[in-house]
Structure formats: C-alpha cells, structure tokens
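Here is what each chain is made of, one letter per residue.
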Amino acid sequence: EKQKAWHTAHLWVRSSALESIKNSTILSMVISVLCAFLGALVFTMHPILSGAVTCTVLCILSCQLFTMVNILGWSIGPIEVIALIVFVGYSVTYCMHVAHSYAV
C-alpha cells in the first residue's frame, strides 16, 4: 500500500527541481573546468601552464561561491546557479587569454 503513494505538493516539486539544478551545476562546473584545461593545453601546448589556468579557474570559482554563500548570505537557488555557470565562462576566457599571451 505504501508503494503506491506519491507527493504532489508544490513544495516537493520545487525541492526536487532545486536539487536537480544543484546537481547539474556541479556537473557543469566540472565539465567546464576540464574543457578549460584541454583548451589551454591545445592552445599553449604547455601542460604546466594549462594546469595553472585550471588552478586559477578553480580558485576564482571557490572565491565566488564563498562570497555568495558566506559573505552575502545568499542561498544557492536557480539564479545563483546560472550566475556561477556564466562566471565559469568569463573566468575561463580571461585566464585562457592571459595564458595564451604568456605562451607566445
């Protein structure tokens, strides 16, 4: 009898949606950082410089997440997740340009 029950309240739906958004954010950030490493490796042909780009991007993301959650007191929701993913792109682009300038 208990196996036939399911939740239909809006709070359950919202909670499930937020949980899947958080999980997909982590996956998106991991994929983005790996792509940044591979991109830096292709364009610079220097593994140490590519590792430095990856470490820099991870530090930037860690600082942004720390600032959003601990200093500003924001809870992680859909808007914050989108901001994190967009900021990954900006930080990767900037670091890649700097690394490419040093490699040339």
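Attention here is on the structure that accompanies the text.

Rules of the game
Residues numbered from 1 in each chain as written. Predicted model: local features only at pLDDT ≥ 70, side-chain atom pairs only at ≥ 80, totals over all residues. Heavy atoms only, no water. Helix = DSSP H or I, 4+ residues; strand = E, 2+ residues; numbered from the N terminus. Buried < 20%, exposed > 50% of the residue type's maximum accessible area, 1.4 Å probe, protein only. Contact = heavy atoms within 4.5 Å. Axes fitted to C-alpha atoms, helices over the stretch in contact; angles between N-to-C directions. Parallel < 35°, antiparallel > 145°, perpendicular 65-115°, else oblique. Nonpolar A, V, L, I, M, F, W, Y, C, P; charged D, E, K, R; others polar.

What follows concerns unusual backbone geometry. Phi is positive for Met45, which is not a glycine, with a value near 55°. Tracing the chain through its elements places Met45 in the loop between helix H1 (10-44) and helix H2 (47-71).

Before going further, it helps to examine the environment of Leu18. With respect to the helices and strands, Leu18 occurs in helix H1. On the basis of relative accessible area, Leu18 is assigned to the partly exposed category, the value being 21%. Considering only alpha carbons, one finds Leu18 and Val81, 63 residues apart in sequence, at a separation of 9.9 Å. Once residues lying within four places of it in the same chain are set aside, the contact partners of Leu18 are Gly77 and Pro78.

Running from N to C, H1 and helix H3 (residues 78-103) point in directions that differ by 10°, and their axes come no closer than 10 Å. In terms of orientation, H1 and H3 fall into the roughly parallel class. Listed contacts from H3 to Leu18, Ile21, Thr25, Ser28, Met29, Ser32, Ala36, Gly39, Ala40, Phe43 and Thr44 of H1 are Pro78, Val81, Ile85, Val88, Val92, Met96, Ala99, His100 and Ala103. Residues of the contact of H1 with H3, tallied by class, amount to 14 nonpolar, six polar and no charged.

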